[in-house]
Amino acid sequence: MANADRDAVRTRVLFVCLGNICRSPLAEGVFLHLVREAGLDHRFEVDSAGTCDWHVGERPDARATAVARKHGVELPSRARQVTPDDLDTFDHVLAMDRENLRDLRRLARASARANIRLLRAHDAAAAGEADRDVPDPYYGGPSGFDLVYEMVHRSCAALLAELTANE
Ligand code: 4NP
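Draft legend 1. Broad picture of the packing of aromatic side chains. Per the counting criterion, the structure on display carries 3 aromatic pairs. Pairing F31 with F44 gives two aromatic rings, centres 5.6 Å apart and planes at 90°, and the pair type is edge-to-face. Separated by 13 residues along the polypeptide, F31 in helix α2 (residues 23–37) and F44 in strand β2 (residues 44–50) bring together distant segments of the chain. Of the residues examined, F31 reaches a relative accessible area of 0% and is grouped as buried.

Below is the structure:
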């Protein structure tokens, strides 16, 4: 397949949290890692963003980078704020918690075409509907980042399986 044809069928996936320095960069890095392991780089475009602008331009939090590195995952992101255009151009937008989800739904124009949902809707280990948030680890210690990593990894693996189920 020519490169242009390949690009035409790329699925665009955006991960969103509050600051875009902890949870969503981890989800972006893990999803990219899984995509590459599966040899599917040509099928996906992956990015992350925050609902706020507090950390725009920053590299991920050192604790997020450390937990990712422990698992052999690199985090390529630089923080940016999500825009209404993102919700028109991405196919799938995965929110880390219900507050992010509410903010994204407020931001979306009527024309928004993205499928916007919680990342942990894909987590088979979640304890029902009350347990769908990836908790904000920013003000906690490193163990919070280990927990976030496990949730994100389980959810991203299930998301990738869902998005490639018909191939
Ligand atoms: P994130 O975590 O939303 O997972 O990137 C946070 C990062 C920064 C802040 C809060 C949460 N903050 O208050 O600056």
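Draft legend 2. How the structure looks around the pattern of salt bridges. This model, assessed by the stated rule, comprises 19 salt bridges. D61 is paired through a salt bridge with R63; the nearest N and O atoms lie 2.9 Å apart. Residue classification places D61 among the buried positions, given a relative accessible area of 14%. R154 serves as the salt-bridge partner of D123, at 2.7 Å between the closest nitrogen and oxygen. One end of the pair, D123, is in the loop between β4 (115–118) and α6 (142–163); the other, R154, is in helix α6, with 31 residues separating them in the sequence. R154 sits in the partly exposed class, given a relative accessible area of 34%. Here the residues in one salt-bridge network are R120, D123, D131 and R154, joined through shared partners.

Draft legend 3. Fine view of the sheet that holds strand β3 (residues 92–95). Taken in spatial order, the 4 strands make up an open sheet running β2-β1-β3-β4, and their pairing is parallel. Two strands bound the open sheet, and with one partner strand each, they are β2 and β4. Strand-to-strand twist across the sheet, computed as the mean angle between neighbouring axes with direction ignored, equals 20°. Pairing analysis gives 4 bridges linking β3 to β4, with the strands arranged parallel. Bridge pairing links H92 to N115 in β4. α2 contacts β1 (11–17) and β2 of the sheet and is inclined by roughly 170° relative to β2.

Cut-off values and rules
Per-chain numbering applies: the sequence of each chain, read as written, is numbered from 1 onward. Restriction of local features to residues with pLDDT of at least 70 applies here, the model being predicted, together with a cutoff of 80 or more for giving and counting side-chain atom pairs; totals for whole chains, interfaces and linings are based on all residues. In computing side-chain properties, one takes all heavy atoms of the structure into account and sets aside hydrogens as well as water. Any two of the Phe, Tyr and Trp rings considered here, Trp counted by its six-membered ring, make a pair once their centres fall within 6.5 Å; the pair's planes then place it as stacked at under 30 degrees, edge-to-face at over 60, or tilted in between. Secondary structure follows DSSP: runs of H or I at least 4 residues long count as helices, runs of E at least 2 residues long count as strands, and numbering of each begins at the N terminus. Relative accessible area decides the class of each residue, using a 1.4 Å probe on protein chains only: under 20% of the type maximum gives buried, over 50% gives exposed, and in between gives partly exposed. Note on definitions: salt bridges are taken to be side-chain nitrogens of Lys or Arg within 4 Å of carboxyl oxygens of Asp or Glu. Any two strands with at least two DSSP-identified bridges between them are counted as paired. The axes used here are C-alpha line fits, helices contributing only the stretch in contact, and every angle between their N-to-C directions lies in the interval 0 to 180 degrees. Residues count as neighbours in contact if any of their non-hydrogen atoms are within 4.5 Å of one another.

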